Amino acid sequence: MSPDIQKSSSAVPPGFPDPESPEGKKLLRKAIGASAIGNATEWYDYGVYAATTTYLTQAFFPGDLGTIGTMLGFAISFVLRPIGGMVWGPIGDRIGRKAVLAMTILLISGATALIGVLPTEAVVGVWAPVLLITLRVVQGFSTGGEYGGAATFMAEYAPDHKRGKYGSFLEFGTLAGFVMGTAFVLVLELFLTDDQMQQWGWRIPFLFALPLGLIGLYLRNQMNDTPVFTEMEQKDEIEGSAWQAFKSLLTTYWQPILVMFGLVIALNVANYTLLAYQPTYLKTTIGMTETTGTMVILIGELAMMACIPFFGAWSDKIGRKPMWWGSLIGLFVFALPMYWLMGQGLAWAIVGFVVLGLLYIPQLSTISATFPAMFPTQVRYAGFAISYNVATAAFGGTAPLINDAVTANEGWELFPAGYMMLACAIGMIALPFLRETAGCSIRGTEIPGEETDAEKKLVNN
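Below is a short write-up of the structure.

Parameters at a glance
- Residue numbering note: each chain is counted from 1, following its sequence as written.
- Local features in this predicted model are restricted to residues whose pLDDT is 70 or higher, and side-chain atom pairs enter the listing and the counts only when it is 80 or higher, whereas totals over whole chains, interfaces and linings include all residues.
- Side-chain measures here rest on the full set of heavy atoms in the structure, leaving out hydrogens and waters.
- Only DSSP runs of H or I reaching four residues or more are called helices, and only runs of E reaching two or more are called strands; each is numbered from the N terminus.
- The globule rule used for comparison is 2.2 Å times the number of residues to the exponent 0.38, while the radius of gyration itself is calculated over C-alpha atoms.
- Throughout, exposure labels follow a simple rule: accessible area from a 1.4 Å probe, protein chains only, divided by the maximum for the residue type, with under 20% read as buried, over 50% as exposed, and the rest as partly exposed.
- Any pair of residues with heavy atoms lying within 4.5 Å of one another is described as a contacting pair.
- Accessibility throughout is a Shrake-Rupley quantity obtained with a 1.4 Å probe, and a residue counts as covered only by protein chains that appear here.
- Two residue types count as positive, namely Lys and Arg, and two as negative, namely Asp and Glu; His and chain ends fall outside the count.
- Throughout, a charge is located at the NZ atom of Lys, the CZ atom of Arg, the CG atom of Asp or the CD atom of Glu.
- Fitted lines through C-alpha atoms give the axes, limited to the stretch in contact for helices. The angle between two N-to-C directions lies from 0 to 180 degrees.
- An angle below 35 degrees is treated as roughly parallel, one above 145 as roughly antiparallel, one from 65 to 115 as roughly perpendicular, and anything else as oblique.
- Each residue gets one label: Ala, Val, Leu, Ile, Met, Phe, Trp, Tyr, Cys and Pro are nonpolar, Asp, Glu, Lys and Arg are charged, and the others, such as Gly, are polar.
- Definitions used throughout: a 1 Å grid over protein atoms alone; a cavity as a set of points that fits a 1.4 Å probe which cannot get out; a pocket as an open set with protein on both sides within 12 Å along at least five of seven lines; a lining residue as one with an atom within 4 Å of a point.
- Grid points are joined across faces, edges and corners, and a volume is the space filled by probe spheres set on the points.
- To estimate how far a helix should reach, multiply one less than its number of residues by 1.5 Å.
- The term nonpolar core refers to a set of buried residues drawn from Ala, Val, Leu, Ile, Met, Phe, Trp, Tyr and Cys, joined through side-chain atoms within 4.5 Å.
- For this analysis, a polar contact is any N or O atom pair within 3.5 Å, provided that within protein one partner can donate a hydrogen and the other can accept it, and provided that sequence-adjacent residues contribute only side-chain to side-chain pairs.

1. As for the overall build of the chain
- Each helix and strand in the chain was counted, giving 22 helices and 0 strands.
- Relative to its length of 461 residues, the chain is compact, with a C-alpha radius of gyration of 21 Å against a globular reference of 23 Å.
- Principal axes of the C-alpha set define a box for the chain whose edges measure 60 × 45 × 40 Å.
- Residues classed as buried in the chain amount to 59% of the 461 residues present.
- Looking at the chain alone, contacts between residues at least 24 apart form 84% of all its contacts between residues at least 6 apart.
- When the accessible surface of the chain is split by element, carbon and sulfur atoms take 67% of a total near 17000 Å².
- Taken as two groups, the 26 positive and 34 negative side-chain charges of the chain have centres that lie 8 Å from each other.

2. Points about the packing of helix H2 (residues 53-60) against helix H3 (residues 67-76)
- Two elements in contact, H2 and H3, have axes whose closest approach is 9 Å; the angle formed by their N-to-C orientations is 105°. Compared by their axis directions, H2 and H3 come out roughly perpendicular. Two secondary-structure elements touch here, H2 through Thr 53, Leu 56 and Thr 57 and H3 through Thr 67, Thr 70 and Met 71.
- Of the residues that constitute the contact of H2 with H3, the class distribution is 2 nonpolar, 4 polar and no charged.

3. Here's the deal with empty space enclosed by the protein
- Per the stated rule, a full pass over the model turns up 1 cavity of 30 Å³ or more.
- Volume-wise, the largest cavity comes out at about 30 Å³.
- Lining the largest cavity we find Ala 34, Lys 98, Leu 101, Phe 153, Arg 220 and Met 223.

4. Digging into helix H17 (residues 346-364)
- With 19 residues, H17 should cover 27 Å at 1.5 Å per step; its first-to-last C-alpha distance of 26 Å lies within 8% of that length.
- Those residues of H17 lying buried are Ala 349, Gly 352, Phe 353, Val 354, Leu 356, Gly 357, Tyr 360, Ile 361, Pro 362, Gln 363 and Leu 364.

5. Describing helix H1 (residues 22-51)
- Taking 1.5 Å of rise per residue, 30 residues should cover 44 Å, and H1 covers 41 Å from first to last C-alpha, within 8% of that figure.
- Most of H1 sits out of view: 22 of its 30 residues are buried.

6. A word on the nonpolar core
- Membership of the largest hydrophobic core comes to 116 residues, with the highest contact counts inside it found for Phe 60 and Phe 371.
- A per-element tally of this core places helix H14 (residues 254-285) first, with 17 residues.

7. Some points on the environment of Ser 441
- Along the chain, Ser 441 turns up in the loop between helix H21 (415-430) and helix H22 (453-460).
- Residue Ser 441 is classed as partly exposed on the basis of its relative accessible area of 21%.
- Sequence separation between Ser 441 and Arg 163 is 278 residues, and the spatial gap between their C-alpha atoms is 9.9 Å.

8. Here we look at the side chain of Arg 97
- Mapping Arg 97 onto the fold places it in helix H5 (residues 97-115).
- Judged by relative accessible area, Arg 97 falls into the buried class, the value being 0%.
- Side chain to side chain, Arg 97 and Asp 93 meet in a polar contact 2.8 Å long.
- Residues contacting Arg 97, with those up to four places away along its chain left out, are Gly 92, Thr 152, Phe 153, Glu 156, Asp 225, Thr 226, Phe 229, Thr 377, Arg 380 and Tyr 381.

9. Here we look at the side chain of Arg 380
- By the secondary structure assignment, Arg 380 is in helix H19 (residues 380-396).
- Within the structure, Arg 380 has its side chain in polar contact with the backbone oxygen of Pro 372 (distance 2.8 Å).

10. Digging into the environment of Leu 114
- Along the chain, Leu 114 turns up in helix H5.
- Judged by its relative accessible area of 45%, Leu 114 is partly exposed.

11. Looking at the environment of Gly 343
- Position of Gly 343 among the secondary structure elements: in the loop between helix H16 (320-342) and H17.
- It is 40 Å that separates the C-alpha atoms of Gly 343 and Thr 437, two residues lying 94 residues apart in sequence.

Rendered as structure tokens:
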């Protein structure tokens, strides 16, 4: 481990077993499952939505809007994410992580399942896309509390010296949800005719979200709140209302908010370009069939899943920042050549997508270890949820819409690569201000980690 990484205390908060004991490891595995299942449910929806774009377009946007209408339905779910973060985050910092996560997983899975029973535009006219967009808004509002809460829950349960390893399983859940949604659609396409898929087959994957969410709810209800939050409660350090916590966050912790904002731009432009927009890009821009394009995505996502735990564990040894530097620089350098390569045929499309996916993994695998540690306990949920979701709404969720609009209307097939490069450049500007927190304790009311040289220069100037 780098010498500048601050070591944490090995003390365990009262009422919880040592995480290295058999009982502690069992509890940690339960925490991982409870966190990851909600994230998998959230991203299962995105995977299904991305894989069924063509069917959704014909069902809800058969007119002039076409695919752009469907991408708008994807992007608009992010409008409510910042509001969801502003509502759920401060509440989670006051009443606990567990209670909020129980509500968000129910809302996400319920709204996703309802998409599977919506009438089409041919049946109810304009009400069909209106209802679809309404459900996407509900999903966005609930997701605004889900992701930040799940990452915080995971980080606060994990041992400090293994936060990268265990936190990476939350993102394993992200890709598992994507893979599950993509694979489900692929299997249906293999066994159903095109007419059957268009008539009713596309609905089945959406309906499956409800039992997935109920399993997640059950797992979360079996857990106590996190050791770090429980310790704060036992010491009576949870003070004031949710509104007061929100105001304190904005006035006192504006610097980590801005740093996270810049990093999330890089993270989520790459995320939503590679995982959400890519199926559409392969089909509409490169000309692949539904099944072939889905297979390319599925192979790439499986390769990424296989690597996530290793990169997460690696970050515990060398730190989070080296992982981010390698990923940002790698994507900046290889985005254009790999997107060009994807247009050269099926085999090359697989190679190009896998290369970019693996370059992205050092960011993805360390989210749960990096971002919650940027804030102290009393504002951690809100700080993560608000910073992450505002940036995601502005730049991540809109990435498929922007990519589709430019490639379709301007004919610039390599635009997604250029957009990704711009986002990575923004991330590289923010990264020097990120504190290294690998091995640091995230307990207490102070920002973890040592002040960076960039922070000191900013203060002195």
